[in-house]
Amino acid sequence: MTDIIAISDASLRRASDILAAGGLVAFPTETVYGLGANACDDNAVAGIFYAKNRPNFNPLISHVATCQKAFQLGVKTDFATILADCFWPGPLTIVLDRAKGCPVAMLTTAGLNKIAVRVPAHEQAQKLLAIFDMPIAAPSANPSGRISPSTAHHVHAGLAGKIDLILDGGPCENGLESTIIDCTGAAPVLLRPGGISRKAIETALHSAG
Ligand code: AMP
Ligand code: MG
């Protein structure tokens, strides 16, 4: 059984308890519904790959509540600083080198020494991250290869019985995934187009000089 419950202070606390116990919780973000697990817990993250039938060489994005927390997980670069200032919180994922002592499980990053981080803007996602106070690994809450879910009902249709809880926060605003930029090299690399346009990113980088 997988419950769908409306978001409230009580259901957010329940979700946080489930995450702390190694469980899986679907929650809304401004992009699509994410399937969350404690990013620092190998077993919990293994549960994401299993529930989605996602190959474990496909790394997951770690979500945190603030830019400061993001740059504790990954090494800050000049490009990353500019993009974070412009677009966080929001639908942008930045790939960085893993920081020394980064607590995120190696399975989350599929064994890579780089980590993808995002600070989502969605009010309820922010609340969940603040209550849980640990990075949440969250790919889209759908079986691998299927369309990303923009409602709690879509999540239920794809993953009922495989995950512990679905937090219903209504439909996601844009239904588009986050834009992913690798900021580790001499120039930023767009890895995936998404909610923030290439033009907006180029403008931000150019106007920062
Ligand atoms: P999603 O499929 O929405 O969960 O987004 C995950 C995608 O982010 C992966 O398929 C990669 O393209 C990218 N990604 C995540 N982590 C990393 C990483 N450590 N290095 C490079 N790309 C990553
Ligand atoms: Mg996806």
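What counts and how
- Residues numbered from 1 in each chain as written.
- Chains lettered and ligands numbered in written order.
- Predicted model: local features only at pLDDT ≥ 70, side-chain atom pairs only at ≥ 80, totals over all residues.
- Heavy atoms only, no water.
- Helix = DSSP H or I, 4+ residues; strand = E, 2+ residues; numbered from the N terminus.
- Contact = heavy atoms within 4.5 Å.
- Near = heavy atom within 4 Å.
- Polar contact = N/O pair within 3.5 Å; in protein donor to acceptor, adjacent residues only side chain to side chain.
- Areas by Shrake-Rupley, 256 points an atom, 1.4 Å probe, with all protein chains shown as cover.
- Nonpolar A, V, L, I, M, F, W, Y, C, P; charged D, E, K, R; others polar.
- Core = buried A, V, L, I, M, F, W, Y, C linked by side-chain atoms within 4.5 Å.
- Buried < 20%, exposed > 50% of the residue type's maximum accessible area, 1.4 Å probe, protein only.
- Disulfide = S-S within 2.5 Å.
- Expected span 1.5 Å × (residues − 1).
- Arc of directions from axis to C-beta.
- Pairing = 2+ DSSP bridges.
- Axes fitted to C-alpha atoms, helices over the stretch in contact; angles between N-to-C directions.

Quick word on the environment of Pro139
Along the polypeptide, Pro139 turns up in the loop between strand 7 (136-137) and helix 6 (152-159). C-alpha separation for the pair Pro139 and Phe71, spaced 68 residues apart in sequence, amounts to 20 Å. Every residue in contact with Pro139, bar those within four places of it in the chain, is listed here: Tyr33, Gly34, Leu35, Ile48, Lys52, Arg54 and Leu60.

Points about the site of ligand 1
Taken together, 14 residues surround ligand 1, and among them Asn58, Lys114, Ala116, Ile180 and Arg192 come closest. Note that an oxygen atom of ligand 1 is positioned 3.3 Å from one of the side-chain N or O atoms of Arg54. Residue Asn58 places a side-chain N or O atom 2.6 Å away from an oxygen atom belonging to ligand 1. Burial of ligand 1 by the surrounding chains reaches 81%, relative to a free accessible area of 490 Å². Sort the elements by how many residues they give to the shell around ligand 1 and strand 6 (residues 114-118) lands first, with three residues. Across the shell around ligand 1, the residue classes tally to ten nonpolar, one polar and three charged.

As for the nonpolar core
In terms of nonpolar packing, the biggest core is built from 43 residues, with Leu83, Trp88, Leu92, Ile94 and Ile163 touching the most fellow members. Sequence-distant contacts of Leu92, defined by excluding residues within four places in its chain, comprise Leu83, Phe87, Val117, Arg118, Ser178, Thr179, Ile181, Ile196 and Ile201. Judged by nonpolar contacts, the second largest core, of 16 residues, contains Leu12, Ala65, Leu129 and Leu165.

Brief notes about the state of the cysteines
For the structure on display, the rule yields zero disulfides. Lacking any disulfide linkage, Cys67 is separated from the closest cysteine sulfur, that of Cys86, by 11 Å.

Observations regarding helix 1 (residues 9-20)
The terminal C-alpha atoms of helix 1, which comprises twelve residues, lie 17 Å apart, in line with the 16 Å expected from a rise of 1.5 Å per residue. Ser11, Leu12, Ala15, Ser16, Ile18 and Leu19 are the residues of helix 1 that are buried. In an axial view of helix 1, the angular spread of the buried residues amounts to 160 degrees, which keeps them on one side of the axis. In helix 1, those exposed residues whose orientation departs by more than 90 degrees from the buried face are Asp9, Asp17 and Ala20. At its buried positions, helix 1 is contacted by strand 1 (3-6), strand 2 (25-27), strand 3 (34-38), helix 5 (123-132), strand 7 and strand 8 (165-168). Once helix 1 ends, the next one or two residues include Gly22, with phi positive near 90 degrees.

A short note on the sheet that holds strand 8
Strand order in this open sheet of ten strands is 1-8-2-3-7-4-6-5-9-10, and the pairing throughout is mixed. Of all the strands in the sheet, just strand 1 and strand 10 (189-192) have a single pairing partner and so form its edges. For strand 3 and strand 7, the ladder comprises two bridges, and the chain directions are antiparallel. Within strand 7, the position partnered with Ala37 by the bridge is Ala137. Each of strand 3 and strand 7 touches helix 2 (residues 42-52); the most contacted strand, strand 3, lies at about 150 degrees to it.

Structural notes on the pairing of strand 5 (residues 92-97)
Most of strand 5 sits out of view: five of its six residues are buried. Relative to strand 6, strand 5 runs antiparallel, the two sharing four bridges. Each bridged residue has a counterpart across the sheet, and for Ile94 the counterpart in strand 6 is Val117.

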